[in-house]
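One letter stands for each residue in the lines below.
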Amino acid sequence: MSQSLSPIFIHDFEQPIWQMALEPEKGLLALELRDLKEAFVSFSLLDLHTQTLVFDRYAFEEEWWMSIVTIKDNLLLIKQYHDSQQPEKQGLLAINIESMEVQWWLQNFQLLQLNSLSVSGKQHGESESIVKHYEINSGQELAADLVDKSNVQEQSIKAKYPTHYDSESSHLETVKSFISNYFNMKSVGPCDYLEVGNLIVISWFYSEGGSYANVLSVIDSEGNIVIEEKIGTGLDAFAADTFFVLKNRLIFVSNKTQLIVYELFEGA
């Protein structure tokens, strides 16, 4: 009989986790923390291999509206908005995650395309037809004929994301029937479903008073519940993509501020 699993990493960031960006090859997870009341944004980076924070709640002195784009190699790319009323007035920063210094900064730059070796976009104030290209590690401008339009490389390691079953899906009722029979509870709204190894991972909702609660359940091939986490309460809407799996790690956010990582099975 399988035993219940315990988390290998739990950290409460206190501020809501707004979005995340994953670098699967290196096992790096960047988090954007956003406090709407204080109009404050900061960034944290977790090494999933060692379960340690590379940096935590890194913030800029400037009061710009910033948001994570992605992680590329040793760079955290962050988009900035100079004027919320004019979303085309943007900038793009590359933060070196080892030195925590700005490696390059494209001002008044609207990102249009991100490749494995370059970024492409338009400079605000110049002709709308002019697209410029910059080498991703140095931030140096590239001639258009030097940009390989096909250089979007597939990463050899990919995260696994659940299938989202909503009211349009013919499989939703099947999953809901399974939840009802297995947990003796009525599931409402959509579900996120993923099979990984010999495990089934389901994120589902039920009514709780005048709102909804979100439960994340993991069941093994013998029918044992090895993980059951109540990851959201007092919800007024349903979420999608509530978890993902990288190699053998299950990663999700609980109650908006807490990042939790489980090791589902042995192995790198």
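Numbering of residues starts from 1 in every chain and runs along the sequence as written. In view of the model being predicted, local features appear only for residues whose pLDDT reaches at least 70, and side-chain atom pairs are presented and counted only at 80 or more, with totals across whole chains, interfaces and linings using the full set of residues. Note that water and hydrogens are dropped before the side-chain values are worked out from all heavy atoms of the structure.

With that settled, the discussion passes to the overall build of the chain. Numbering of helices and strands starts at the N terminus; helices are DSSP runs of H or I of at least 4 residues and strands are runs of E of at least 2. Helix and strand content of the chain: one helix and 21 strands. Looking at the 268 residues of the chain, the share that counts as buried comes to 46%. Sequence separation of 24 or more characterises 42% of the internal contacts of the chain that already satisfy a separation of 6 or more. Classification of residues uses two cut-offs on accessible area relative to the type maximum, computed with a 1.4 Å probe and protein chains only: under 20% is buried, over 50% is exposed, and between them is partly exposed. Contacts are assigned to residue pairs that have any heavy atoms within 4.5 Å of one another.

Turning our attention to the sheet that holds strand β4 (residues 40–47). The criterion for strand pairing is that DSSP finds at least two bridges linking the strands in question. Read across the open sheet, the four strands follow the order β2-β3-β4-β5; overall the sheet is antiparallel. Only two strands of the sheet have a single neighbouring strand rather than two, namely β2 (17–23) and β5 (52–58). Recorded for the sheet is a direction-independent mean angle of 15° between the axes of neighbouring strands. Here β4 runs beside β5; their pairing, made up of four bridges, is antiparallel. Each bridged residue has a counterpart across the sheet, and for Phe-43 the counterpart in β5 is Tyr-58. Convention adopted: a line fitted to C-alpha atoms gives each axis, helices being fitted over their contacting stretch, and angles between N-to-C directions are expressed from 0 to 180 degrees.

A word on the side chain of Arg-34. Positionally, Arg-34 belongs in strand β3 (residues 28–35). The class of Arg-34 is buried, set by a relative accessible area of 3%. Whenever two N or O atoms come within 3.5 Å, that pair is a polar contact, provided that in protein one can donate a hydrogen and the other can accept it, and provided that, for residues adjacent in sequence, both atoms are side-chain atoms. Of the polar contacts made by the side chain of Arg-34, one reaches the backbone oxygen of Met-66; its length is 2.3 Å.

For the rest of this paragraph, the subject is the pattern of salt bridges. For this document, the term salt bridge refers to a Lys or Arg side-chain nitrogen within 4 Å of an Asp or Glu carboxyl oxygen. For the structure on display, the rule yields five salt bridges. Residue Glu-32 pairs with Arg-34 through a salt bridge whose shortest N-O separation is 2.6 Å. Exposure class is identical for Glu-32 and Arg-34. Each is buried. Between Glu-263 and Arg-249 there is a salt bridge whose closest N-O contact spans 3.5 Å. Of this pair, Glu-263 sits in strand β21 (residues 258–263) while Arg-249 sits in strand β20 (residues 249–254), and the two are 14 residues apart along the sequence. You can call Glu-263 partly exposed: its relative accessible area is 30%. With relative accessibility at 12%, the residue Arg-249 sits in the buried group. Beyond isolated ion pairs, a larger network of salt bridges with shared partners links Glu-14, Asp-56 and Arg-57.

Time to look at the environment of Leu-216. For Leu-216, the location among the structural elements is in strand β17 (residues 211–219). Considering only alpha carbons, one finds Leu-216 and Ser-254, 38 residues apart in sequence, at a separation of 9.5 Å. When sequence neighbours within four positions are dropped, the list of residues in contact with Leu-216 reads Val-201, Ile-202, Ser-203, Ile-227, Glu-228, Glu-229, Ile-231, Phe-243, Leu-250 and Phe-252.

Examined against the element boundaries, Lys-176 turns out to sit in helix α1 (residues 172–183). His is not counted here, nor are the chain ends, while Lys and Arg score as positive and Asp and Glu score as negative. Glu-173 provides the closest opposite charge to the buried, unpaired Lys-176, separated from it by 4.4 Å. Discounting chain neighbours no more than four positions away, the residues touching Lys-176 are Ser-187, Val-188, Gly-189 and Cys-191.

Time to look at the sheet that holds strand β12 (residues 132–135). Pairing is antiparallel in the open sheet, where four strands are placed in the order β10-β11-β12-β13. The two strands at the open ends of the sheet, each matched to only one other strand, are β10 (109–114) and β13 (141–142). Direction of pairing for strand β11 (residues 118–123) relative to β12: antiparallel, over a ladder of four bridges. Note that in β12 the partner of Val-119 across the bridge is Tyr-134.

Now for the layout of surface pockets. Using a 1 Å grid laid over the protein atoms alone, points where a 1.4 Å probe fits but cannot get out form a cavity; open sets with protein on both sides within 12 Å along at least 5 of 7 lines form a pocket; any residue with an atom within 4 Å of a point counts as lining. Grid points are joined across faces, edges and corners, and a volume is the space filled by probe spheres set on the points. Roughly 960 Å³ of volume is contained in the largest pocket. Taken together, 37 residues make up the lining of the largest pocket; nearest its centre are Ile-17, Ala-240, Asp-241, Thr-242 and Val-253. Here the element with the most residues in the lining of the largest pocket is β2; it accounts for six residues.

Our focus in this paragraph is a nonpolar patch on the surface. Exposure above 30% relative accessible area and the lack of any salt bridge qualify a residue for a patch; like charges then connect within 9 Å, and the nonpolar side chains Val, Leu, Ile, Met, Phe, Trp and Tyr within 5 Å. In short, Shrake-Rupley with a 1.4 Å probe defines the accessible areas, and a residue's cover is counted only from the protein chains shown. Residues Trp-18, Leu-36 and Trp-65 make up a contiguous nonpolar surface patch of about 360 Å² in total accessible area. In this fold, Leu-36 is placed in the loop between β3 and β4. Judged by relative accessible area, Leu-36 falls into the exposed class, the value being 53%.

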